[in-house]
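Topology and contacts: notes
In case you want the letters, here they are:
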Amino acid sequence: MRPIDREYVRSLMPRRDPAGHKGTFGKVYLLGGSVGYTGAPVLCAAAAERSGCGQVLLGVPESVWPAAAVKCWGAMPHPLPEQDGRLSPDAEEEIRRRAAGCDAVAMGCGVGRGEESDLLLRRLLTVEKPLVLDADGINALEGHIDTLSRRPCATVLTPHDGELARIGGDMTAPRESSAAAFAAAHGVYLVRKGHRTLVAAPDGRLAVNTTGNDGMAKGGSGDILTGLLTGLLAQGMEPFAACCAAVWLHGRAGDLAAEEKGRRGMTPPDIIEMLPYALKEVE
């Protein structure tokens, strides 16, 4: 198991083309939000913007769209059909159309739980793009973990321990061996969040992060990781490399926020504010 440190991440980061334009650096599609959970997709989108990608699209339920539109400066939110405050199966065609024009997709931040919205997320597993599943995007797999076999492209899951247990992760084995076994069994890249976050690849590669602190243990921090990771995937990074870089940068931004504002009082937006400085350290 290799440690994820600054030098390793520096070796992974893609080179920037000084003559590039927004189309050069990848396009992200994010799907999330529900009534009562408007902040999660906005945090996710803001982190994706900071990742270095060229464009960020954000699909949210139509009643959430006005709040998201006000809060997003660079990302482009659009309304989607909803049912009971959550995404409706009627949104599927539009989501597929939008995702087809992007380089990486993330689903789940603030999307909520409901029979219809869970079904929609599982149906969207056939989207032919690298895909990151977080939060209720992972929870939608409860009792349906076999649907991961539909995936035609790389899949990243970013669960905390409660979500991993919900989809069948072995919580009795050591964290490292459990993460490696889950990734291999289901053909996914697993980012097992927590103190010293783990990254496991389906081919057996395993790495442990060296950054981060307890000030990041607040709602919204995971949404930031999802946006950052999806942005790196959209820039063409190999999935294991993107996962390793994302967790280190996320934790490093958290460490910088803690240095400036303290672990107790720092907030997820403080982490986003520090992402450019973390990125600058590995340029």
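Higher on the page you've got the structure.
Since the model is a prediction, treat every value here as computed from it, not as a measurement. (Residues numbered from 1 in each chain as written. Predicted model: local features only at pLDDT ≥ 70, side-chain atom pairs only at ≥ 80, totals over all residues. Heavy atoms only, no water.)

Digging into the overall build of the protein
Of the regular secondary structure elements, the protein holds eleven helices and twelve strands. Against the compact-globule benchmark of 19 Å for 283 residues, the protein has a radius of gyration of 17 Å, which places it among compact chains. Oriented by its inertia axes, the alpha-carbon framework of the protein measures out at about 45 × 45 × 40 Å. The 283 residues of the protein split such that 55% are buried. At a minimum sequence separation of 6, the contacts of the protein that also span at least 24 residues come to 68%. Total accessible area computed for the protein in this model is approximately 11700 Å², and 50% of it derives from carbon and sulfur atoms. (Helix = DSSP H or I, 4+ residues; strand = E, 2+ residues; numbered from the N terminus. Rg over C-alpha atoms; globule rule 2.2 N^0.38 Å. Buried < 20%, exposed > 50% of the residue type's maximum accessible area, 1.4 Å probe, protein only. Contact = heavy atoms within 4.5 Å. Areas by Shrake-Rupley, 256 points an atom, 1.4 Å probe, with all protein chains shown as cover.)

Notes on the packing of aromatic side chains
Summed over the entire model, instances satisfying the criterion amount to zero aromatic pairs. In this structure, R2 is placed above the aromatic ring of Y8, and the distance from its NZ or CZ to the ring centre is 3.6 Å. In this structure, R16 packs its charged tip against the face of F25, placed 3.7 Å from the ring centre. (Phe/Tyr/Trp six-rings, centres within 6.5 Å; stacked < 30°, edge-to-face > 60°. Lys NZ or Arg CZ within 6 Å of the ring centre and 35° of its normal.)

Here's the deal with helix α10 (residues 239–261)
An α-helix turns once every 3.6 residues. As a result, residues three or four positions apart point the same way. Relative to the 33 Å expected for 23 residues at 1.5 Å per residue, α10 spans 32 Å between its end C-alpha atoms, a close match to the ideal helical length. For α10, a buried count of 20 out of 23 residues is recorded, marking the element as mostly surrounded by other parts of the structure. If you check the start of α10, you find a side-chain oxygen 3.2 Å away from the backbone N of F240, and it comes from E238. One or two steps after α10, the chain reaches G262, where phi turns positive at roughly 90°. (Expected span 1.5 Å × (residues − 1). Polar contact = N/O pair within 3.5 Å; in protein donor to acceptor, adjacent residues only side chain to side chain.)

Thoughts on the sheet that holds strand β9 (residues 155–157)
Strands sit in the order β1-β12-β11-β10-β9-β8-β7-β2-β3-β4 across an open sheet of ten strands; the sheet is mixed. At either margin of the open sheet sits one strand with a lone partner, and together these are β1 (2–4) and β4 (76–80). Pairs of neighbouring strands in the sheet enclose a mean axial angle of 20°, with direction left out of account. Bridge count between β9 and strand β10 (residues 189–192): two bridges; the pairing is parallel. In the strand pairing of β10, L157 is matched with L190. (Pairing = 2+ DSSP bridges. Axes fitted to C-alpha atoms, helices over the stretch in contact; angles between N-to-C directions.)

Structural notes on unusual backbone geometry
Comment: phi is negative for the bulk of residues other than glycine, and the bulk of peptide bonds are trans. Of note, D84 is a non-glycine position whose phi angle comes to about 55°, a positive value. As for its position among the elements, D84 is in the loop between β5 (82–83) and β6 (86–87). The phi torsion at R196 lies on the positive side, around 60°, for a residue other than glycine. Its place among the elements puts R196 in the loop between β10 and β11 (198–200).

So, helix α9 (residues 221–234)
Spanning 14 residues, α9 covers 20 Å between terminal C-alpha atoms, matching the ideal 20 Å at 1.5 Å per step. Among the residues trailing α9, G236 stands out with phi positive, at a value near 95°.

A word on the pairing of strand β7 (residues 104–107)
Neither face of β7 is open: one carries A104 and A106, the other V105 and M107, and all of them are buried. As paired elements, β7 and strand β8 (residues 131–133) share three bridges and run parallel to each other. Of the residues in β8, the one forming a bridge with V105 is L131. Considered for its hand, the β-α-β crossover made up of β7, helix α5 (residues 115–123) and β8 is right-handed. (Right-handed = clockwise from strand over helix to strand, strands pointing away.)

Some thoughts on the environment of A104
Note that A104 resides in strand β7. A relative accessible area of 0% places A104 in the buried class. Not counting the four nearest positions on each side in its chain, A104 is found in contact with K27, V28, Y29, P130, T230, L233 and A234.

Looking at the nonpolar core
By size, the foremost hydrophobic cluster in this structure holds 62 residues, and its most contacted members are I4, M13, L30 and L249. If one sorts the elements of this core by residue count, α10 sits on top with 14 residues. Leaving out residues up to four positions away in the same chain, L249 has contacts with M13, L228, L232, L275, A278, L279 and V282. Of all hydrophobic cores here, the second largest spans 35 residues; its members include V111, L124, L125 and L141. (Core = buried A, V, L, I, M, F, W, Y, C linked by side-chain atoms within 4.5 Å.)

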